Each structure stands twice: as C-alpha cells, then as structure tokens.
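Commentary on secondary and tertiary structure
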Amino acid sequence: MTTPVRIAYFITPHGLGHAARAAAVMVALQDLDPAVQFDIFTQVPRRFFQDSLVRDFRYYHVCTDVGLVQTTSLREDLPATVRRLDAFFPLDQALITTLAALLRSASYALVLCDIAPMGIVAARAAGVPSVLIENFTWDWIYQGYVQEESSLARHIAYLRTIFAAADYHMQTEPVCCPCPAALTALPVSRKPQHSPQQTRARLGIPRLAQAVLLTMGGVPEPYAFLAQLPHYHDIAFVVLGAGEAVQRRDNVVLLPLRSEFFSLDLIYACDAVVSKVGYSTLAEVYHAGVPLGYVVRQQFRETPVLASYITAHMSGLAIAESAFHSGAWLSCLPDLLRLPRQPQRESRGAEHIARCVYGLVRGALSQRERGHWSMANHIV
C-alpha cells in the first residue's frame with residue numbers, strides 16, 4: 001500500500017478560475033495515487049472543491065491573496081485594490097509563523113501555490129519546497145495598471161521577489177509572461193462528470209436542438225438582454241448565475257451559480273459558449289472543443305494573450321462589452337454556431353502537472369529534470 005503523502009495548496013480567492021485549475025490538478029494527483037491528501041488554504045468556498053470531486057482534503061478558510069477588487073465581472077476598482085493591498089502587504093509575520101509551524105508539524109511533502117504569495121512565504125519559513133503554478137502572476141498584472149495607479153509599483157516589486165523565491169515553477173497555457181526555466185503545460189481543466197446526453201435530458205433540451213451556454217465565470221450577472229432570448233426560439237439558452245433557483249422559461253433555462261448541474265457538464269452539453277474571456281472558461285472550452293463567444297475585458301492585461309490563444313487554437317468570436325450588455329451580440333449567433341467544433345482534447349495539462357508534482361513528492365524525477373524547471377535557474 002502506498003504511504004500517504006500530504007500536500008498543502010494555497011489558492012488565490014480572486015474569482016473561481018484559479019480554484020478550478022487547482023481542483024483539476026488535485027483530482028489528477030489523486031487519480032495517480034489515492035494516498036495523496038490535501039490541505040487547502042483559501043477563501044474560495046469548501047463546497048467548490050467538493051463539487052469538483054477533490055477527495056480527502058482538509059480546508060482552512062484563510063485570505064491568501066488580494067488580487068483585484070472588481071465591481072462587476074468585467075470592471076476593476078483600482079483605488080479599492082490599492083487600499084486592500086496596503087492593508088494586506090507586507091504579509092502578517094505572526095500569521096506566517098503560525099502557518100509555517102502547521103506546515104512543519106503536519107510533515108507536508110510540498111506546498112503548491114496558484115498565485116497566492118502567502119504559500120510561498122510560509123513554505124520557505126517552514127523549510128518545505130514550494131511550487132508556483134500560474135499563467136500570470138500579480139506583479140505582471142499590476143504592471144498593466146501602474147500608469148493609472150502609481151501606488152501599485154511598490155506592490156509589484158514586493159510580489160516579484162516572493163514569486164521568484166518559489167523552488168519550482170510551472171506555467172499553464174496560455175502563458176502571459178513565459179519563463180524559459182519553467183515547465184509549461186497545456187491548458188488545465190477539470191473533467192466533465194456526466195455525458196452531454198444526460199445533461200441535456202436533465203435540462204429538458206431536445207437532443208438535436210442547438211444550445212448556447214451563457215456564463216460570466218462564477219460571478220452573478222444581471223444579463224440585461226434576457227428578455228430578448230425568447231425571440232430566438234430555435235435555440236435553447238442555458239444562463240448560469242442569473243438567479244437563485246432553477247427556472248425554465250420557454251427556450252431559456254436560468255441556473256444559480258451553484259445548482260445540481262456541474263458547470264463543466266453544461267459546456268460539453270452545449271453547441272457554443274458565451275462568456276467573459278477568463279482562464280478557466282477558456283481551458284474548459286478548449287478541451288470540450290465547442291465555439292466560444294468571448295466578451296473582451298479591455299483593461300485586463302491577460303485579455304490579449306487569451307484572445308490570441310483562442311484565435312490560434314480554438315473556434316472563437318470576439319464580443320465587445322457594450323454589445324454584450326445591450327444584447328447586440330445576439331445578431332452574431334448564427335456566425336458563432338456555424339464555427340466548427342474542434343476535436344475534444346484528451347491530453348490535459350492537469351495530468352502533466354500532476355505527474356511532475358508526483359515525481360517531486362516520490363523522488364521519481366532525476367536531478368536534471370528537477371533543475372530544468374527549478375526557479376533556481378530562473379533569472380528575474
């Protein structure tokens with residue numbers, strides 16, 4: 001029987017995309033070895049990881065990061081972000097001491113960090129190796145706003161030092177700031193839990209009907225154009241985050257953010273997805289192979305990188321923010337639905353990362369392999 005191994009995972013609470021990526025990695029590791037156990041440190045609700053089928057984990061509700069304060073799914077509040085950063089950094093040394101003592105006492109093999117700087121600092125204080133997993137880091141994101149909000153500069157320098165201190169570095173496509181020393185994996189996505197046919201049957205969508213999923217990535221959205229959807233009676237719309245209970249209105253199914261339906265199952269069951277352009281939605285649609293109508297976040301520095309990846313590797317159609325809110329994008333529905341479906345991708349970045357992390361934990365990686373993607377080789 002394999003000896004149990006415990007891994008700590010520090011996850012930014014910014015949105016749900018980082019938590020979805022972390023959940024995919026955790027499930028892939030537990031598929032490799034059911035003896036792998038996790039302690040999750042984040043403010044993302046515990047139920048998110050339960051719904052994502054992460055097994056055998058302990059949960060610590062702790063603020064590990066600030067990220068960006070947002071007023072809506074598409075808009076940032078930079079002054080509020082700076083106020084929160086000023087209150088959070090430098091990290092509370094008493095809390096770091098407490099976390100380091102916990103990491104030592106529980107004999108963690110490794111600390112994984114999805115852009116939560118607290119995990120890297122606590123791991124170093126505990127003498128436990130840390131792995132940074134990212135497609136961007138906050139210092140890189142903040143750099144895109146520094147002309148508008150100069151107070152971000154001091155936080156950029158502080159965070160850059162922390163991220164550079166990670167022992168190992170893994171990047172997931174689409175990568176915003178490629179690091180030659182980092183291991184690079186394909187987009188990381190969770191796996192569906194039910195077949196498209198099962199999901200459609202539960203939604204009440206006919207097998208041959210065209211269906212479109214609307215989602216803003218785990219954030220409630222008023223969807224001002226809802227009243228226009230019944231005019232497109234030949235298309236079934238599944239609208240995620242549009243209310244607090246499941247409702248069926250003609251050709252529209254309204255779903256709360258958390259329901260009996262796993263969000264990834266909805267993607268696989270539909271013929272197209274319309275969403276803000278964010279990492280986890282991109283990764284999940286990439287693996288499902290369905291066309292993506294993506295709402296462009298003009299100010300967010302990650303957006304051009306994601307849009308370029310969609311153009312190169314997916315079937316996608318850009319939607320302006322104003323067109324999305326007004327419903328003018330609906331006139332492009334025929335174009336979106338005519339885009340070809342891509343073959344479903346079987347090779348997943350989560351499995352690639354899991355194999356490398358497992359090799360670190362079990363000592364299966366050669367010194368040369370370790371050195372290839374150690375942060376020690378990365379010059380900032």
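Just above sits the structure.
Residues numbered from 1 in each chain as written. Predicted model: local features only at pLDDT ≥ 70, side-chain atom pairs only at ≥ 80, totals over all residues. Heavy atoms only, no water.

What follows covers the overall build of the protein chain. When its secondary structure is counted, the protein chain shows 15 helices and 14 strands. Taken over the C-alpha trace, the protein chain has a radius of gyration of 21 Å; the compact-globule value for 380 residues is 21 Å, and the two agree within 12%. Referenced to the eigenvectors of the C-alpha coordinate spread, the extents of the protein chain come out at roughly 60 × 55 × 35 Å. For the protein chain, buried positions account for 56% of its 380 residues. Of the contacts made within the protein chain by residues no fewer than 6 positions apart, 66% connect residues no fewer than 24 positions apart. Summed over its atoms, the accessible surface of the protein chain is roughly 15,600 Å², and 53% of this surface lies on carbon and sulfur atoms. For the protein chain, the distance from the average position of its 32 positive side-chain charges to the average position of its 31 negative side-chain charges is 4 Å. (Helix = DSSP H or I, 4+ residues; strand = E, 2+ residues; numbered from the N terminus. Rg over C-alpha atoms; globule rule 2.2 N^0.38 Å. Buried < 20%, exposed > 50% of the residue type's maximum accessible area, 1.4 Å probe, protein only. Contact = heavy atoms within 4.5 Å. Areas by Shrake-Rupley, 256 points an atom, 1.4 Å probe, with all protein chains shown as cover. Lys, Arg positive; Asp, Glu negative; His and termini not counted. Charge placed at Lys NZ, Arg CZ, Asp CG, Glu CD.)

A few words now on the sheet that holds strand S11 (residues 252-255). With respect to topology, seven strands assemble into an open sheet ordered S10-S11-S9-S8-S12-S13-S14, the strand pairing being mixed. Either end of the sheet is taken by a strand with one partner, and the two such strands are strand S10 (247-249) and strand S14 (316-319). This sheet shows a mean twist of 15° between the axes of neighbouring strands, independent of strand direction. With five bridges connecting them, strand S8 (residues 210-215) and strand S9 (residues 235-240) associate as parallel partners. What sits directly across from leucine 214, in S9, is valine 239. (Pairing = 2+ DSSP bridges. Axes fitted to C-alpha atoms, helices over the stretch in contact; angles between N-to-C directions.)

The next subject is the packing of helix H10 (residues 279-288) against helix H11 (residues 303-313). At a closest axis distance of 11 Å, the pairing of H10 and H11 adopts a crossing angle of 5°. Of the possible angle classes, the one that applies to H10 and H11 is roughly parallel. Within the contact between the two elements, H10 uses Tyr279, Leu282 and Tyr286 and H11 uses Leu306, Tyr309, Ile310 and His313. The residue makeup of the contact of H10 with H11, split by class, is six nonpolar, one polar and no charged. (Parallel < 35°, antiparallel > 145°, perpendicular 65-115°, else oblique. Nonpolar A, V, L, I, M, F, W, Y, C, P; charged D, E, K, R; others polar.)

Our focus in this paragraph is the pairing of strand S5 (residues 130-134). For S5, a buried count of five out of five residues is recorded, marking the element as mostly surrounded by other parts of the structure. In terms of strand pairing, strand S4 (residues 110-114) meets S5 through three bridges, oriented parallel. Its bridge partner being in S5, leucine 112 is matched across the sheet by valine 131. Assessed by its sense of winding, the connection that carries the chain from S4 through helix H5 (residues 117-126) to S5 is right-handed. Direction of pairing for S5 relative to strand S6 (residues 168-172): parallel, over a ladder of four bridges. Note on S6: the bridge partner recorded for valine 131 is tyrosine 168. (Right-handed = clockwise from strand over helix to strand, strands pointing away.)

Reading across from one edge, S3-S2-S1-S4-S5-S6-S7 is the order of the seven strands in this open sheet, with parallel pairing throughout. Unpaired on one side and paired on the other, strand S3 (57-61) and strand S7 (183-185) mark the two borders of the sheet. The mean inter-strand angle of the sheet, taken between neighbouring strand axes irrespective of direction, is 20°. In this sheet, strand S2 (residues 36-42) lies alongside strand S1 (residues 5-11) in parallel orientation, the contact comprising six bridges. Bridging from a neighbouring strand, tyrosine 9 pairs with isoleucine 40 of S2. Packing of H5 onto the sheet brings it into contact with S1, S4 and S5, and relative to S4 it is tilted by some 160°.

Turning our eyes to something else, we now look at the pattern of salt bridges. Overall, the coordinates contain 17 salt bridges when judged by the stated rule. A salt bridge links aspartate 39 to arginine 58; its shortest N-O distance comes to 2.9 Å. Separated by 19 residues along the polypeptide, aspartate 39 in strand S2 and arginine 58 in strand S3 bring together distant segments of the chain. In this structure, the salt-bridge partner of aspartate 335 is arginine 338, at a minimum N-O distance of 2.6 Å. With aspartate 335 and arginine 338 both in helix H13 (residues 333-338) and three residues apart, the pair spans about one turn of that helix. Taking the relative accessible area as the measure of exposure, aspartate 335 reaches 38% and is therefore partly exposed. In this structure arginine 338 comes out as exposed when scored by relative accessible area, which is 59%. Among the charged side chains, a network of salt bridges with common partners joins Arg6, Asp39 and Arg58. (Salt bridge = Lys/Arg side-chain N within 4 Å of Asp/Glu carboxyl O.)

This part covers helix H14 (residues 349-362). Given 3.6 residues to a turn, an α-helix orients residues that are three or four positions apart in the same direction. In this model H14 runs 20 Å from its N-terminal to its C-terminal C-alpha over 14 residues, within 8% of the 20 Å that 1.5 Å per residue would give. Of all the positions in H14, only Gly349, Ala350, Ile353, Ala354, Cys356, Val357, Gly359, Leu360 and Val361 are classed as buried. Count one or two residues on from H14 and you reach glycine 363, which has phi positive near 70°. (Expected span 1.5 Å × (residues − 1).)

A few words now on helix H4 (residues 93-105). Helix length check: H4 (13 residues) gives 18 Å between terminal C-alpha atoms against 18 Å at 1.5 Å per residue, within 8%. Among the residues of H4, those classed as buried are Ile96, Leu99, Ala100 and Leu103. Each buried residue of H4 sits inside an arc of 105° when the element is viewed along its axis, so together they form one side. For H4, exposure combined with an orientation more than 90 degrees from the buried face picks out Ala94, Thr98 and Ser105. N-capping of H4 is provided by aspartate 92, with a side-chain oxygen placed 2.9 Å from the backbone N of alanine 94. Where H4 ends, the next residue or the one after it, serine 107, has phi of about 55°, a positive value. (Arc of directions from axis to C-beta. Polar contact = N/O pair within 3.5 Å; in protein donor to acceptor, adjacent residues only side chain to side chain.)

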